[in-house]
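# Per-entry structural report
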Amino acid sequence: MAKVLMKGNEAIGAAAIEAGCRYFFGYPITPQSELPEYMARELPKVGGVFLQAESEIAAINMVYGAAGAGARVMTSSSSPGISLKQEGISYIAGAELPCLIVNIMRGGPGLGSILPSQTDYFQATRGGGNGDYRLVVLAPSNVQELVDLVIEGFDIADQYRNPVMILGDGMIGQMMEPVELRKPKQRELPPKDWATDGTKDKRKPNIINSLYLAAEELEAHNQRLQEKYKKIMENEVKVESYNIEDADVVIAAYGTISRIAKTAISQLEKEGYKVGLIRPITLWPYPYDEFEKINDKCKGILTVEMNTGQMVDDVKIAVKGKFPVYFHGRTGGMVPTPDEIIDKVKKIYGGEI
Amino acid sequence: MEERIIIAGFGGQGVMAIGQLLTYAGMIEDKNVSWLPSYGPEMRGGTANCSVVVSTEAVGSPVVVSPTSAIVMNKPSLDKFEPAVVEGGRLFINSSLVDRKSNRDDIEVYYVPANEIANELGNMRVANMVMLGAYIEASKTVSLESILEGFTKVFGEDKAHLLPLNREALEKGAEVVRNQLATTV
């Protein structure tokens, strides 16, 4: 199809429908409400179901049910709404069901604000619900990549029987950019022979559950989950990096903030500075290995986020103490400017911090 | 070429719409584009603005902090964005609603009586298109034809009958700029 100009939130909906998602359960919240609005309008046209639940908790449990029946299903919300969904997300992860969860982040803690932020990094990558589980967390930086990751996200979810989260911020939800719906790389997806879609008197009933009362059984279940997560870590890391073999300072940033970092880098290059970039596209599994490729003479890593320093933990894990790790962040809906980043890089260069 | 544009006014003046038109036109011309609205908790009748980037390179930050051009439709927007325009940049002031001159002497300033012109055309709602016409005439960021091509994409096919009126509004805005340049040279 030809390129069209779409708002991020609406593009998510278009991509989901393109990927074969026919069920959406959600509850409105700024700054992602254009997405349920789009689904309410478009899903019935393709024989799908849009349902505005009575609450976020109800919505995520509807996702649990639909995923258990083998459907391609999604929900979306923004930070406080995603907090409400955590119990259901943990159950879905425990029951090993595929689904797509979209978090268009706003300021926090609590109700915070409606403006863009990245304050749910910990929640998304460490698990806001209980138990040893992982979500595949995808962090797009522009609307085209957002669309690509939504389409591929459904495949990743099906391949590993695992919930996948799209982690964006209010900015990418609200902004318009040209997009083209295109197919992801072909994956071999296992049949959903575990789904509770009716025995038709031909097999024993399937059971979807996350309760294992016997200690041995739950331990074995957890070991299976860990083996699955290991496979995901081996196969699904996505990262973009720039000039890290030569850079004196490397910026680590994800999502929309990586674009602001790129603007800062091209300005710094004009002034003769050598600055690289590592942009994790998967926040879990995290691209730890990419940091091994940074040249030995690098003076430090500057992590830039719209929070008070959450990904900075992963950057520290990645560099294993080899380089000093610096941080610049804004909160409350304030967006770091290229000039702020430039200033910080120059200070690292000058040994001022 | 990278144009970073702020378009600002009060709610209802169509600042978001001309931002989208400009973005669509850029896309039609195979340029890299982005459109970002301010979506804060604004009051009804309060200020609204959007950031548009039209570039031959990949778009970096979609947030426009230092615009190469600013289109301001009311006085609060002039006060807010006038100081932000880069040296050598352009400022387009809706002189129908803004009663002061710009304080900057290091940028190109265009005064466009957009509401008066829209009134003469018989539809107040095309004041935004007059401003957009002035902008594309001075900046040549996109062509008028690309704007018109994007029109039904942004506003829907059922608004196609408004194309002639909107073309006229764009052309009137362009004329203001040509006249102003002719008198200053």
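In what follows, the accompanying structure is described. These numbers were taken from a predicted model, which means no experiment stands behind them.

Turning next to the overall build of chain B. Regarding its fold elements, chain B presents six helices and six strands. A compact globule built from 185 residues should have a C-alpha radius of gyration of about 16 Å, and chain B, at 15 Å, falls within 12% of that. Expressed along its principal axes, the backbone C-alpha trace of chain B runs to roughly 40 × 40 × 40 Å. The buried share of chain B, reckoned over its 185 residues, is 56%. Partitioning the intrachain contacts of chain B with sequence separation of at least 6 by distance along the chain shows that 55% fall at a separation of at least 24. Taken as a whole, chain B presents about 8,000 Å² of accessible surface, with 51% of it coming from carbon and sulfur. Of the charged side chains in chain B, 16 are positive and 23 negative, and the gap between their average positions amounts to 4 Å.

Ranked by size, the top nonpolar core spans 110 residues in total, and within it A:Met39, A:Met74, A:Val150, A:Ile251, A:Phe291, A:Ile294 and A:Ile301 carry the most contacts. Here this core takes 10 residues from helix α7 (residues 143-160) of chain A, the largest share from any one element. Both domain 1 (4-235) and domain 2 (240-349) of chain A contribute no fewer than three residues apiece to this core. Ignoring anything within four residues of it in the chain, the contact list for A:Phe291 reads A:Ala252, A:Ile278, A:Tyr286, A:Ile301, A:Val315, A:Ala318 and A:Val319. Listed in part, the 46 residues of the second largest apolar core include A:Leu5, B:Tyr24, B:Cys50 and B:Val130.

Quick look at the pattern of salt bridges now. Tallying each qualifying case throughout the model produces 39 salt bridges over all chains. Here A:Arg126 makes a salt bridge to A:Asp314, at a shortest N to O gap of 2.8 Å. Pair noted here: A:Arg126 is in helix α6 (residues 121-127) and A:Asp314 is in helix α11 (residues 312-319), with a separation of 188 residues, a long-range link. The class for A:Arg126 is partly exposed, based on a relative accessible area of 37%. A salt bridge links B:Asp106 to B:Arg104; its shortest N-O distance comes to 2.7 Å. Salt bridges linked by common partners bring A:Arg72, A:Asp155, A:Asp158 and A:Lys192 together as one network.

Now for the sheet that holds strand β12 (residues 282-284) of chain A. Residues and elements named next belong to chain A. The strand order β3-β2-β4-β5-β7-β6-β12 describes an open sheet built from seven strands, whose pairing is mixed. If you trace the sheet from one side to the other, it starts and ends with β3 (49-52) and β12, each paired once. This sheet shows a mean twist of 20° between the axes of neighbouring strands, independent of strand direction. Bridge count for strand β6 (residues 136-138) against strand β7 (residues 163-169) is three bridges, and the pairing is parallel. When the bridges of β7 are listed, Val136 appears paired with Val164. Of the strands in this sheet, β4 (73-77), β5 (99-105), β6 and β7 are in contact with α7, which crosses β7 at around 165°.

What counts, and where the lines are drawn
Residues numbered from 1 in each chain as written. Chains lettered and ligands numbered in written order. Predicted model: local features only at pLDDT ≥ 70, side-chain atom pairs only at ≥ 80, totals over all residues. Heavy atoms only, no water. Helix = DSSP H or I, 4+ residues; strand = E, 2+ residues; numbered from the N terminus. Rg over C-alpha atoms; globule rule 2.2 N^0.38 Å. Buried < 20%, exposed > 50% of the residue type's maximum accessible area, 1.4 Å probe, protein only. Contact = heavy atoms within 4.5 Å. Areas by Shrake-Rupley, 256 points an atom, 1.4 Å probe, with all protein chains shown as cover. Lys, Arg positive; Asp, Glu negative; His and termini not counted. Charge placed at Lys NZ, Arg CZ, Asp CG, Glu CD. Core = buried A, V, L, I, M, F, W, Y, C linked by side-chain atoms within 4.5 Å. Domains from an automatic or database assignment. Salt bridge = Lys/Arg side-chain N within 4 Å of Asp/Glu carboxyl O. Pairing = 2+ DSSP bridges. Axes fitted to C-alpha atoms, helices over the stretch in contact; angles between N-to-C directions.

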